[in-house]
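# Overview (structure and organization)
Here are the chains, one letter per residue:
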Amino acid sequence: MELNQNQEKLKEYRKRAKELVAQMTLEEKVGQTLYQAPAIPRLGIKAYNWWNEALHGVARAGTATVFPQAIGMAATFDEDLLEQVGDAVSTEARAKFNMQQKADDTDIYKGLTFWAPNVNIFRDPRWGRGHETFGEDPYLTSRLGVRYVMGLQGHDEDYLKAAACAKHFAVHSGPESVRHEFNAEVSEQDLRETYLPAFKACVQEGKVEAVMGAYNRTNGAPCCGNSYLLQDILRKEWGFEGHVTSDCWAIKDFHEGHLVTSTPVESVSMAMNNGCDLNCGNLFHFLTQAVENGMVDEKRLNEAVENLFMARMKLGVLDKKEENPFDKIPYTVVDSEEMRKLNREVARRSVVLLKNENHILPLDKKKLHTIGVIGPNADSRKALVGNYEGTSSRYITVLEGIEDYVGENVRVLYSEGCHLYRDRTSNLAMEHDRDSEVRAVCEASDVVIAVVGLDATLEGEEGDTGNEYGSGDKPNLNLPGLQPDIIRIAKESGKPVIVVLLAGSAMALSWEDEHVDAILDGFYPGAQGGAAIAEILFGGANPEGKLPITFYQTTEELPEFTDYAMKGRTYRYMENEALYPFGYGLSYTTYAYGNLECVKPFDAQDGITLQVTVTNTGDREGTETLQVYVKAKREGTPNPQLKYVKKITLKPGESVTEEIHLSPEAFMLYDEKGNFTLEKGAYDIFVGGCQPDARSAALTGNAPQKLTVTY
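Residues numbered from 1 in each chain as written. Predicted model: local features only at pLDDT ≥ 70, side-chain atom pairs only at ≥ 80, totals over all residues. Heavy atoms only, no water.

Assigned secondary structure in the chain consists of 21 helices and 23 strands. In terms of overall dimensions, the chain is globule-like: its C-alpha atoms have a radius of gyration of 26 Å, near the 27 Å expected for 711 residues. If one aligns the C-alpha atoms of the chain with their principal axes, the spans along those axes are about 75 × 65 × 50 Å. Counting all 711 residues of the chain, 64% fall into the buried class. In the chain, of all internal contacts separated by at least 6 residues, the share reaching a separation of at least 24 is 76%. A total of about 25,500 Å² of accessible surface is found on the chain, and carbon and sulfur atoms cover 45% of it. Averaging the coordinates of the 74 positive side-chain charges in the chain and doing the same for the 106 negative ones gives two points 3 Å apart. (Helix = DSSP H or I, 4+ residues; strand = E, 2+ residues; numbered from the N terminus. Rg over C-alpha atoms; globule rule 2.2 N^0.38 Å. Buried < 20%, exposed > 50% of the residue type's maximum accessible area, 1.4 Å probe, protein only. Contact = heavy atoms within 4.5 Å. Areas by Shrake-Rupley, 256 points an atom, 1.4 Å probe, with all protein chains shown as cover. Lys, Arg positive; Asp, Glu negative; His and termini not counted. Charge placed at Lys NZ, Arg CZ, Asp CG, Glu CD.)

Given below as structure tokens:
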């Protein structure tokens, strides 16, 4: 719904919801607070299942477009593209919902309330669910999160296209193994500066319909029953008007894990009284007892149920079919050629070129006779999709993408090389059972492409993974199993070696950075990912992705996983030199920045306006990611922080002068008490294609332009 035109409509929905809830019995109201909300035939209310997923496409309900995992989409640094993806996802969502409603199918994953996006901050690369996020930076996460929400929810004046949900509120990023009992202790400064901005933006700018509480406690109180988070900040401070859902079975953690209550009745009372409207789980049926015992005021229960029915009214699912334009979307849009084209574009634009020694890439297929492709992720569908995924009608692995791209005139030799994490590919085999095959492939090839990394069985959600890393988190940043060994075998062959990393998080690639010829990071690139990566490898597309996370040198330099203080974490607070910095990514062309100047002087009310000239100094068309960082020149402040992003496509030799406006908020920081202030003093502004650290300058050969302003 248009943000400036929906207040009257919201009043109408609230009035209708109040009238509807007033007709319900206590038991009927309680039933509506469960994610499997039953039908109330006497009131004409159908059953509705609130649980649906759309992290990077409609998930878990059959065929749908499987876009790159969220962390890959974040590497595009393109908020317009994220809204386009969100719109495509909600188009498929409506098409599938319309089909399901015709069959009276109200099963799980069949509704229009999608528990996405995940806007938690990827503060530690060991966290298994980090690939569900938009990375480690609050600004980038905010911009991408808001636009993905807008894409999902649409801009109709009367109805939401789908309902988005910002999760997991708040201060949530592992460890997975203790999430049901863990207390995340965080200062007010870190809370405000790092963990809350993306949620605030999704609420106030994106008008996100739902917010999901996290499993953990934050500063002692369970997030799904945390009055400070759910009432003081979310409702009162930010003006949130949607509904709050618990994470799944999180409320039983109150008495089983966190031990802050003793009984289920106490737990549901704590959740409901502190602002949780919907229970993903089954404990809220104890609300009947809680109300009858006076532990929950029935007025509060009424409010929760009204919030939930308002969501269904905003979606138009209680109205006549002809009143809702989204009811006309046909099933044939699902997994269509148009969707596949968009999917491949997103995958192409998400690939990050980390190393390109002597410009070995792009490869010229006309000069190659034999290409060796090795590695456990080369022909892996699992390595394409991440988690919370749908089902594609076709998956193109990296091996298949290369074979399709080079055609019949180039021989492609393949070896799995090794198991993803075990020391043999077969239980009956000896260790290193594919080493001889790898050597043979490398010896016979002109160039070797090693496709390595992880998949969602090695990094993911607690309970969803399928091997010895069952908590979902990574024990370290190393490539698992024998993967480093097969890369070394490839290197020993004397042939050029290109590493393609398929993983959702930062890995320790110091040896590879020193010894191999090129490294591409494809993240989990979606069902079209192999085709997109092949286009990058052979020059059919120019890489433009930038890292939304920091690649550290080693695991050992990381702070304790359970320490939620930001000191030493992410590019904003780290002191060591990164292997590959946040915001970094190479291209097949080069860009130059110049003539940075102030067009409109800094003003405490309006901010500042700058302009800079960007030139494509190479011989290929490319898309540059203009990045602006701000650093307060006083002690105790973060490193330069990202505050502005702009995508610019330039032909060879083309220049463009870009105007950049930075609001006063770009210069404001939180103090120890959580006050957001603009302090007098000097500020450095950096404008370029990377962040202004020494490592980025060394890797790219360019340092951003710098301008100092004083307030």
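Don't stop here, the text continues.
Let us now look at the packing of aromatic side chains. One pass over the structure, following the stated rule, counts 22 aromatic pairs. A network of ring pairs unites the aromatic residues Y35, W51, Y109, W115 and W249 as a single cluster. Its guanidinium or amino end placed over the ring of Y388, K167 lies 4.8 Å from that ring's centre, counting from NZ or CZ. The lysine or arginine in question, R488, covers the ring of W511, its NZ or CZ lying 4.3 Å from the ring centre. (Phe/Tyr/Trp six-rings, centres within 6.5 Å; stacked < 30°, edge-to-face > 60°. Lys NZ or Arg CZ within 6 Å of the ring centre and 35° of its normal.)

The strand order across the open sheet built from 3 strands is β4-β6-β7, with neighbouring strands paired in mixed fashion. Here the strands that pair on one side only, and so sit at the sheet edges, are β4 (183–184) and β7 (221–222). Pairing between β4 and strand β6 (residues 217–218): 2 bridges, direction parallel. Bridging across to β6, A184 finds its partner in T218. (Pairing = 2+ DSSP bridges.)

Here the focus is helix α19 (residues 529–537). Counting buried positions along α19 gives 9 out of 9 residues, so the element sits mostly inside the fold. What α19 keeps buried is the set G529, G530, A531, A532, I533, A534, E535, I536 and L537. G539 sits one or two positions beyond α19 and adopts a positive phi of about 85 degrees.

In this section: the side chain of D684. With respect to the element layout, D684 can be found in strand β22 (residues 682–688). Within the structure, the side chain of D684 is placed 2.6 Å from the side chain of T708, a separation counted as a polar contact. In contact with D684, other than residues within four places in its own chain, are Y629, V630, K631, K633, K706, L707 and T708. (Polar contact = N/O pair within 3.5 Å; in protein donor to acceptor, adjacent residues only side chain to side chain.)

This paragraph deals with the sheet that holds strand β17 (residues 622–632). With antiparallel pairing, the 4 strands of this open sheet are ordered in space as β18-β17-β22-β23. Of all strands in the sheet, those bounded by a partner on one side alone are β18 (641–650) and β23 (705–710). Adjacent strand axes in the sheet meet at a mean angle of 20 degrees, parallel and antiparallel pairs treated alike. Inspection of the sheet shows β17 paired to β18 by 9 bridges, in the antiparallel sense. Its bridge partner being in β18, L626 is matched across the sheet by K646. (Axes fitted to C-alpha atoms, helices over the stretch in contact; angles between N-to-C directions.)

Within the largest apolar cluster, 123 residues are counted, with the highest numbers of intra-cluster contacts made by W50, W115, F169, V208, L234, F284 and F309. For this core, the element with the highest residue contribution is helix α12 (residues 298–315), accounting for 9 residues. Setting aside residues up to four positions removed in sequence, W115 forms contacts with W50, W51, N52, E53, C165, K167, M212, T245, C248, L278 and C280. Grouped together as the second largest cluster of nonpolar side chains are 75 residues, V352, L363, L520 and L586 included. (Core = buried A, V, L, I, M, F, W, Y, C linked by side-chain atoms within 4.5 Å.)

Right, let's get into the pairing of strand β13 (residues 497–502). β13 sits mainly inside the fold: 6 of its 6 residues count as buried. Here β13 shows a buried face lined by V497, V499 and L501 and a second buried face lined by I498, V500 and L502. In terms of strand pairing, strand β12 (residues 447–453) meets β13 through 6 bridges, oriented parallel. Looking at the pairing, V448 lines up with V497 of β13. Of the pairings in the sheet, the one linking β13 to strand β14 (residues 518–521) comprises 4 bridges and is parallel in character.

This part covers the packing of helix α6 (residues 188–195) against helix α8 (residues 227–237). At a minimum axis distance of 15 Å, the contact between α6 and α8 shows a crossing angle of 55 degrees. Overall, the two elements α6 and α8 adopt an arrangement that is oblique. Regarding α6 and α8, the two cross each other, and that crossing is right-handed. Side by side, α6 and α8 meet where E188, L191 and R192 of the first sit next to Y228, I233 and E237 of the second. Here the contact of α6 with α8 is composed, by residue class, of 3 nonpolar, no polar and 3 charged. (Parallel < 35°, antiparallel > 145°, perpendicular 65-115°, else oblique. Left-handed = near helix turned anticlockwise from the far one by under 90°. Nonpolar A, V, L, I, M, F, W, Y, C, P; charged D, E, K, R; others polar.)

What follows concerns α8. Of all the residues in α8, the buried ones are L229, L230, I233 and L234. The arc that holds every buried residue of α8, seen down its axis, measures 125 degrees, which confines them to one face. For α8, the secondary structure elements touched by its buried residues are β3 (165–169), α6, α7 (197–204), β5 (210–213), β6 and β8 (243–245). For α8, the N-terminal capping position is held by N226, with its side-chain oxygen 3.1 Å away from the main-chain nitrogen of Y228. Just downstream of α8, G239 is the residue with a positive phi angle, here 75 degrees. (Arc of directions from axis to C-beta.)

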